[in-house]
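Coordinates in review
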Amino acid sequence: MEPKAARLRRGEGPRGEQEERPSGEGNTKKDGDVDLVQWTRHMEAVKTQLLERAQGPLRELLDRAMWEAVQSYPPQGGPVPSIPPDSSSKARESSLGKRKIFIIRKSLLDELMEVQHFRTIYHMFIAGLCVFIISTLAIDFIDEGRLMLEFDLLIFSFGQLPLALMTWVPMFLSTLLVPYQALQLWAWPRAGGAWMLGVALGCVLLVAHTAVVCVLPVHVALKYQLPPASRSVLVFEQVRLLMKSYSFLREAVPGTLCARVGEGTQAPSFSSYLYFLFCPTLIYRKTYPRTPNVRWNYVAKNFAQALGCVLYACFILSRLCVPVFANMSREPFSSRALVLSIMHATLPGIFMLLLIFFAFLHCWLNAFAEMLRFGDRMFYRDWWNSTSFSNYYRTWNVVVHDWLYSYVYQDGLWLLGGRARGAAMLGVFLVSAVVHEYIFCFVLGFFYPVMLILFFVIGGLMNFMMHDRHTGPAWNVLMWTMLFLGQGIQVSLYCQEWYARRHCPLPQTTFWGLVTPRSWSCHT
């Protein structure tokens, strides 16, 4: 016999007969169905809100759990690392935070692009590019009577690019061969005198390698007067190769030296070092987590987006910056004009910041990660949600932050005995600010320490004043306001100096003439 509950669900009586309903019960049922639909929609909305609010903390919790699981995995032939139950939380953080752990994970923007609301913001930026193209065509048609997109700024910026690429070849070959050969010299099990000779020869090779990578691009850029984009290729590769060389030696030398006395591992293979030179990380490991296959359509999409960002940046500079700053040095200087130029430059400045982030930290690095099946795609975190500059510096560029944290901050703490965290953090800011200023100086062809002051002085103060204990939305608004103003200051002052050096060339080249800002005195 059919169970009683099943008959009741179909509206039948306890004995199987169909129950009769009053005539008004149909309308009541329809009203109940409407209420049920509305209640279902309300619950769906509540579910969506809960998922959105829980997504960030849940991701952090899962990342932390995976990190601790990987950290606690026993090394081959070694004991399981453990932390005493009565250890303080600070000791636990110190024990778990010593080495960068790579795990398979997607970039945050790839995850956010799966949400329709976020894709709409992406579509808005594409629409903005279309508006710039239409504006260029319309102005060209009105002024010249023809429809043609001119890429004069793009062609100028990437002028002599083949020469820059040819200069890159010896830089890469030096990085490929010299550090690995020096490590092999130090790893050979020879007698004391012969081994010391090998160590000395390896050090000489490294000095020659450093000289090639440091001097050659500067010489080529100055001798042939390379334009900004071609210089960018050289300086970014110069910094990248030096950081990779240091990481390889810093990670491989201790184990190699211990292997000579039978306590360490063997020297890394050449194939692992070659893979490291191309994979999108600055921290060397013998192996990395790998994805099972390559999605070539994903690679093509990211390269196309990076190219679109370059075009976007050229349109922004040519439409929003060149008309404003090209003739500014010809007018008398006034504080009003300076303030107005900075305010005008905030919008193109923040656009340039977002384009650089998306083109390089997302598109370019993800394209290479996909081609090399590199699994860990966490090249950045949600820096846009930062409520403090300390969190912004940690999350904006995770690739560089990992290098600075591992080899400047942690090694600095080790050298100082672990008691001077403030000094180690100051060292991180100093190294980062000097390298950023060097990059700007190399690309633009002149010394104007705007980045150095903004990054090291103002940024350093903000790092200690706007700390992680500030979590309210007002602090996020303040951080974005400071970013807008900082980008406006950079774009305004660097553009003014660029055109001032072209309108007021030096009659005689002197050291003080090269390092003194020309925009302070050039008013033709």
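Definitions and cut-offs
Every chain is numbered independently, its residues counted from 1 as its sequence is written. Reporting in this predicted model follows two pLDDT cut-offs: at least 70 for local features of residues, and 80 or more for side-chain atom pairs to be given and counted; totals over whole chains, interfaces and linings ignore these cut-offs and use all residues. For the side-chain quantities, the full set of heavy atoms in the structure was used; hydrogens and water were omitted. UniProt positions are given in the numbering used here, feature names are shortened, and annotations may be inferred rather than shown by experiment. Helix and strand assignments follow DSSP, with helices taken as H or I runs no shorter than four residues and strands as E runs no shorter than two, numbered in order from the N terminus. By definition, no residue in a patch forms a salt bridge, and every one has over 30% relative accessible area; like charges are joined within 9 Å, nonpolar side chains (Val, Leu, Ile, Met, Phe, Trp, Tyr) within 5 Å. What sets the accessible areas is the Shrake-Rupley method with a 1.4 Å probe; for residues, cover comes only from the shown protein chains. We define a salt bridge as a contact between a side-chain nitrogen of Lys or Arg and a carboxyl oxygen of Asp or Glu at a distance within 4 Å. Here a residue-residue contact requires only that any non-hydrogen atoms of the pair lie within 4.5 Å. In this analysis, the protein atoms alone were mapped onto a 1 Å grid. Cavities are point sets where a 1.4 Å probe fits without being able to get out; pockets are open sets with protein on both sides within 12 Å along at least five of seven lines; lining residues have an atom within 4 Å of a point. Grid points are joined across faces, edges and corners, and a volume is the space filled by probe spheres set on the points. Each residue gets one label: Ala, Val, Leu, Ile, Met, Phe, Trp, Tyr, Cys and Pro are nonpolar, Asp, Glu, Lys and Arg are charged, and the others, such as Gly, are polar. Within 6.5 Å between ring centres, the rings of Phe, Tyr and Trp (the latter by its six-membered ring) count as paired, and their orientation is classed by plane angle as stacked under 30 degrees, edge-to-face over 60, tilted in between. Accessible area is worked out with a 1.4 Å probe on protein chains only. A residue is then buried under 20% of its type maximum, exposed over 50%, and partly exposed in between. Put simply, a charge is over a ring when the Lys NZ or the Arg CZ is close to the ring centre, within 6 Å, and near the line of the ring normal, within 35 degrees.

Where an unreviewed UniProt entry is consulted, the protein appears under the name O-acyltransferase, with the organism given as Neomonachus schauinslandi. Under the Sequence similarities (unreviewed entry) heading, UniProt states for the protein: "Belongs to the membrane-bound acyltransferase family. Sterol o-acyltransferase subfamily."

This part takes up the UniProt feature "transmembrane region" (unreviewed entry) in the protein. UniProt marks residues 121-142, 162-183, 195-222, 303-326, 338-361, 412-431, 438-462 and 474-495 with the feature "transmembrane region" (unreviewed entry), using the numbering shown here. The annotated region residues 195-222 carries 100% helix and 0% strand content, and the separation between its end C-alpha atoms amounts to 41 Å. Secondary structure across residues 338-361 divides into 100% helix and 0% strand, with the first and last C-alpha atoms of the span separated by 32 Å.

Attention shifts here to a nonpolar patch on the surface. A contiguous nonpolar surface patch, about 480 Å² in accessible area, is contributed by V169, L173, L177, F270, L274 and F278. Only helix 7 (161-187) and helix 10 (270-278) provide two or more residues apiece to the nonpolar patch.

Here we come to the UniProt feature "active site" (unreviewed entry) in the protein. What UniProt calls "active site" (unreviewed entry) maps, in this numbering, to H436. Structurally, H436 is set in helix 15 (residues 421-444). In this view, H436 contacts M451 and F455; residues no more than four positions away in its chain are not counted.

To continue, consider empty space enclosed by the protein. Inspection of the entire model under this criterion finds 1 cavity of 30 Å³ or more. Quantified by volume, the largest cavity comes out at close to 80 Å³. Lining the largest cavity are K100, F102, P280, T281, F374, D376, M378, F379, V398, V399 and D402. Considered class by class, the residues forming the lining of the largest cavity number 7 nonpolar, 1 polar and 3 charged.

Attention shifts here to the packing of aromatic side chains. For the structure on display, the rule yields 42 aromatic pairs. For the pair F248 and Y273, a centre-to-centre distance of 4.2 Å together with 35 degrees between the ring planes defines the contact as tilted. Of this pair, F248 sits in helix 9 (residues 228-259) while Y273 sits in helix 10, placing them 25 residues apart in sequence. Summarising the burial analysis for this pair, F248 and Y273 share the class buried. The interplanar angle of 45 degrees and the centroid separation of 5.3 Å between the aromatic rings of W364 and F368 together place this pair among those described as tilted. Placement of both W364 and F368 in helix 12 (residues 335-371) is noted, with a separation of 4 residues, approximately one turn of the helix. Clustering of aromatic rings is evident, with ring pairs tying together F357, Y380, W383, W384, F389, Y392, Y393, W396, F429, F455, W480 and F484. A cation over a ring is seen here: R295 above Y298, with NZ or CZ 4.4 Å from the ring centre.

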